[in-house]
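Structural features, examined
So you can see what is in the structure, the chains are spelled out below.
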There are 2 protein chains.
Amino acid sequence: MNIILFEKNELADDCVVLRDHRAKHIVKVLQSKTGDSLRVGMLDGNIGEARVVSVKRKFPFVVELSVCLTGLPDPPPAIDLLLALPRPIMLKRILSQVTALGVDTIHLVNANRVEKSFWDAGLLEEEEYRPHLIHGLEQAVDTRLPKIRIHRHFRPFAEDYLPELASHYSSLLLAHPSAEQKLSQCLSGTPENILYAVGPEGGWVDFEVDKLLTAGMQVFTMGNRILKVDTAVVAIHSRISQEMERE
Amino acid sequence: MNIILFEKNELADDCVVLRDHRAKHIVKVLQSKTGDSLRVGMLDGNIGEARVVSVKRKFPFVVELSVCLTGLPDPPPAIDLLLALPRPIMLKRILSQVTALGVDTIHLVNANRVEKSFWDAGLLEEEEYRPHLIHGLEQAVDTRLPKIRIHRHFRPFAEDYLPELASHYSSLLLAHPSAEQKLSQCLSGTPENILYAVGPEGGWVDFEVDKLLTAGMQVFTMGNRILKVDTAVVAIHSRISQEMERE
């Protein structure tokens, strides 16, 4: 936890009182004392400093902070993710990791090789997935929660939603083993905003690849090595970031 | 499991008999039948095809393969990793992920912020960590096991071992928040082989950074976002691969 984040409704008269895992973190890990300063931020708001007003060091822990917010954190890279719904335990990790890397919107979509049971996971409820996004923000020192969009049916997503969405991106990228172009060859100039797609374990089926290409996506190759979904999400994000930072 | 890997001593007269999780995978996931072909490889050896000679489909599963090895898989990228020893559960995942991405040697080193208990983990014995490397190879379709080097004392590693090692690399790279140069600015031309360093959660202490720089490492910035160790290992590897593939 590299920043203590709180909800807007937790702030009253520039004060926040923490009684949960954040209080425990301040007591046990940071070992903060009255008068110490901490980096804090309001979810979807500004970051700043807080002074520790009081600490109850014994369980149940209570920490009172006096907060001074100063400005927005640096914007995350303009990268969105289109992800075939992975199994819940992997989705949790991906949500945290890609939020830490910086993402604006995550589209979770069905695919032929997505197990039906994955759609029954409670994790797709906002109150369930939100903590994993916050975990990523606490890691990366950011306050901007990524938006989650859930598409339970591939075909209407690919035929109706994606073509409209596509017009908002400078590139839409799909890693595919049969592609010949490298990522850098797909991008001309400095790309402004990018959507990248990662399929299910076992990959998209041909029908899905066709639909995604028709909707405006471009294939590129990451080489011959086959990566697990969670590795691919981070690896492709990093390669795209690297290209976007190029001058 | 995108390739079935076996040990050299499992091969006798071009035949391999499997009775463990690999047999289960062939029966349950691949649902292979007698006469089917499978992609196989010998650890630290060639890859090729195998024909299923016989299958016992009930527990305990047994699969007999007739193997024809044809050649080495593509070489992995010439990237080595210097990693401050992470907690065992994270190390397992990192070993699999970085093996899948492709790495030649992984140096595990002590650091000020490495918890002493991590060194007591059985995972540092070859028979314990080897399955996680094999897991990465099975994912990426490779046979070359990365080499693991364990350095329990930072100072002799940084003062004696690393300066000698450094002469073998075209670049030695250390991601650091205070750096100003981007990765692409650190590399001139197409780098041949690279060692990159990832510190412990909380980072290297100043003394360690000084020693690593003295030994020949260069700092670069990944931006302001702080990444967890497992995310950083994949993210930096991917950015370096991206630069190495550039023409």
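Structure's up top.
Criteria and cut-off values
Residues numbered from 1 in each chain as written. Chains lettered and ligands numbered in written order. Predicted model: local features only at pLDDT ≥ 70, side-chain atom pairs only at ≥ 80, totals over all residues. Heavy atoms only, no water. Helix = DSSP H or I, 4+ residues; strand = E, 2+ residues; numbered from the N terminus. Buried < 20%, exposed > 50% of the residue type's maximum accessible area, 1.4 Å probe, protein only. Contact = heavy atoms within 4.5 Å. Areas by Shrake-Rupley, 256 points an atom, 1.4 Å probe, with all protein chains shown as cover. Lys, Arg positive; Asp, Glu negative; His and termini not counted. Charge placed at Lys NZ, Arg CZ, Asp CG, Glu CD. Least-squares fit on C-alpha atoms with pLDDT ≥ 70 in both. Salt bridge = Lys/Arg side-chain N within 4 Å of Asp/Glu carboxyl O. Expected span 1.5 Å × (residues − 1). 1 Å grid on protein atoms, 1.4 Å probe; cavity = no way out; pocket = protein on both sides within 12 Å on 5 of 7 lines; lining within 4 Å. Points joined across faces, edges and corners; volume = space filled by probe spheres on them. Nonpolar A, V, L, I, M, F, W, Y, C, P; charged D, E, K, R; others polar. Disulfide = S-S within 2.5 Å. Buried area = accessible area lost by both parts, 1.4 Å probe. Polar contact = N/O pair within 3.5 Å; in protein donor to acceptor, adjacent residues only side chain to side chain. Axes fitted to C-alpha atoms, helices over the stretch in contact; angles between N-to-C directions. Left-handed = near helix turned anticlockwise from the far one by under 90°. Core = buried A, V, L, I, M, F, W, Y, C linked by side-chain atoms within 4.5 Å.

1. Re the overall build of chain A
- The number of helices and strands found in chain A is seven helices and 11 strands.
- Projected onto its principal axes, the C-alpha coordinates of chain A cover approximately 60 × 45 × 35 Å.
- Taken over 247 residues, chain A has a buried fraction of 53%.
- Considering only residue pairs separated by 6 or more positions, chain A has 72% of its internal contacts joining residues 24 or more positions apart.
- In the form shown here, chain A has an accessible surface area of approximately 11600 Å², with 49% of it arising from carbon and sulfur atoms.
- For chain A, the distance from the average position of its 28 positive side-chain charges to the average position of its 33 negative side-chain charges is 8 Å.

2. Observations concerning the relation of the copies chain B and chain A
- Superposition record for chain B on chain A: RMSD 0.0 Å, screw rotation 180 degrees, translation along axis 0.0 Å. With respect to symmetry, the two chain copies, as superposed, fit the operation of a two-fold axis.
- Looking at the interface residues of chain B, 100% of them are also at the interface in chain A, so both copies use one shared face.

3. A closer look at the pattern of salt bridges
- Scanning all chains against the criterion turns up 30 salt bridges over all chains.
- We note a salt bridge from B:Lys33 to B:Asp36, for which the minimum N-O separation is 4.0 Å.

4. Some thoughts on helix α3 (residues 126–140) of chain A
All names here are of chain A.
- With 15 residues, α3 should cover 21 Å at 1.5 Å per step; its first-to-last C-alpha distance of 21 Å lies within 8% of that length.
- Every buried residue of α3 is accounted for by Tyr129, His132, Leu133, Ile134, Gly136, Leu137, Glu138, Gln139 and Ala140.
- Turning to α3, the residues buried within the fold contact β1 (4–6), α1 (21–29), α2 (88–101) and β8 (147–151).
- Positive phi shows up at valine 141, right after α3, with a value of about 60 degrees.

5. Re empty space enclosed by the protein
- Counted according to the given criterion, the structure contains two cavities of 30 Å³ or more.
- Computed from the structure, the largest cavity encloses a volume of approximately 40 Å³.
- In this structure, the largest cavity is lined by A:Lys182, A:Leu183, A:Ser184, B:Gln242, B:Glu245 and B:Arg246.
- Taken together, the elements giving at least two residues each to the lining of the largest cavity come down to α5 (183–186) of chain A together with α7 (229–245) of chain B.
- Looking at the lining of the largest cavity residue by residue, the classes come out as one nonpolar, two polar and three charged.
- The computed volume of the second largest cavity comes to approximately 30 Å³.
- Lining of the second largest cavity is provided by A:Gln242, A:Glu245, A:Arg246, B:Lys182, B:Leu183, B:Ser184 and B:Arg239.
- Split by residue class, the lining of the second largest cavity holds one nonpolar, two polar and four charged.

6. Observations concerning the state of the cysteines
Residue and element names in this part refer to chain B.
- In the structure shown here, the tally under the stated rule is zero disulfides over all chains.
- With no disulfide partner, cysteine 15 has as its closest neighbouring cysteine sulfur the one in cysteine 68, 12 Å distant.
- Residue cysteine 15 is classed as partly exposed on the basis of its relative accessible area of 23%.

7. Notes on the interface of chain B and chain A
- At the junction of the two partners, chain B supplies 36 residues and chain A supplies 36 residues.
- Taken over both partners, the interface formed by chain B and chain A buries close to 3100 Å², and the fraction arising from carbon and sulfur atoms is 41%.
- Two residues, A:Arg225 and B:Asp142, come together in a salt bridge whose shortest N-O distance is 3.1 Å.
- The interface formed by chain B and chain A holds 26 residue pairs in polar contact (both at pLDDT 80 or more) in total.
- Elements with a minimum of two residues in the side of chain B that touches chain A: α2 (88–101), α3 (126–140), α5 (183–186) and α7 of chain B.
- Ranked by the residues each element gives to the side of chain B that touches chain A, the list is headed by α7(B), at 10 residues.
- Here the side of chain B that touches chain A is built from residues that sort into 10 nonpolar, 13 polar and 13 charged.

8. Overview of the side chain of A:His151
Residue and element names in this part refer to chain A.
- Among the structural elements, histidine 151 can be located in strand β8.
- Within the structure, the side chain of histidine 151 is placed 2.9 Å from the side chain of histidine 107, a separation counted as a polar contact.
- Setting aside anything within four residues of it in sequence, one finds histidine 151 in contact with His107, Leu108, Val109, Asn110, Trp119, Phe157 and Tyr161.

9. A short note on the packing of α2(A) against α3(A)
Residues and elements named next belong to chain A.
- Running from N to C, α2 and α3 point in directions that differ by 35 degrees, and their axes come no closer than 7 Å. Considering only the axes of α2 and α3, their crossing is right-handed. In contact with Lys92, Leu95, Ser96, Thr99 and Ala100 of α2, α3 contributes Tyr129, His132, Leu133, His135, Gly136, Leu137, Gln139 and Ala140.
- Class assignment for the residues of the contact of α2 with α3 results in six nonpolar, six polar and one charged.

10. Thoughts on the nonpolar core
- Core analysis: the biggest nonpolar cluster contains 139 residues, and A:Tyr196, A:Trp204, B:Tyr196 and B:Trp204 have the highest contact counts within it.
- With residues up to four places along the chain from it excluded, the contact list for A:Trp204 reads A:Ala84, A:Val109, A:Ala111, A:Arg113, A:Phe154, A:Leu174, A:Ala197, A:Val198, A:Gly199, A:Val209 and A:Leu212.

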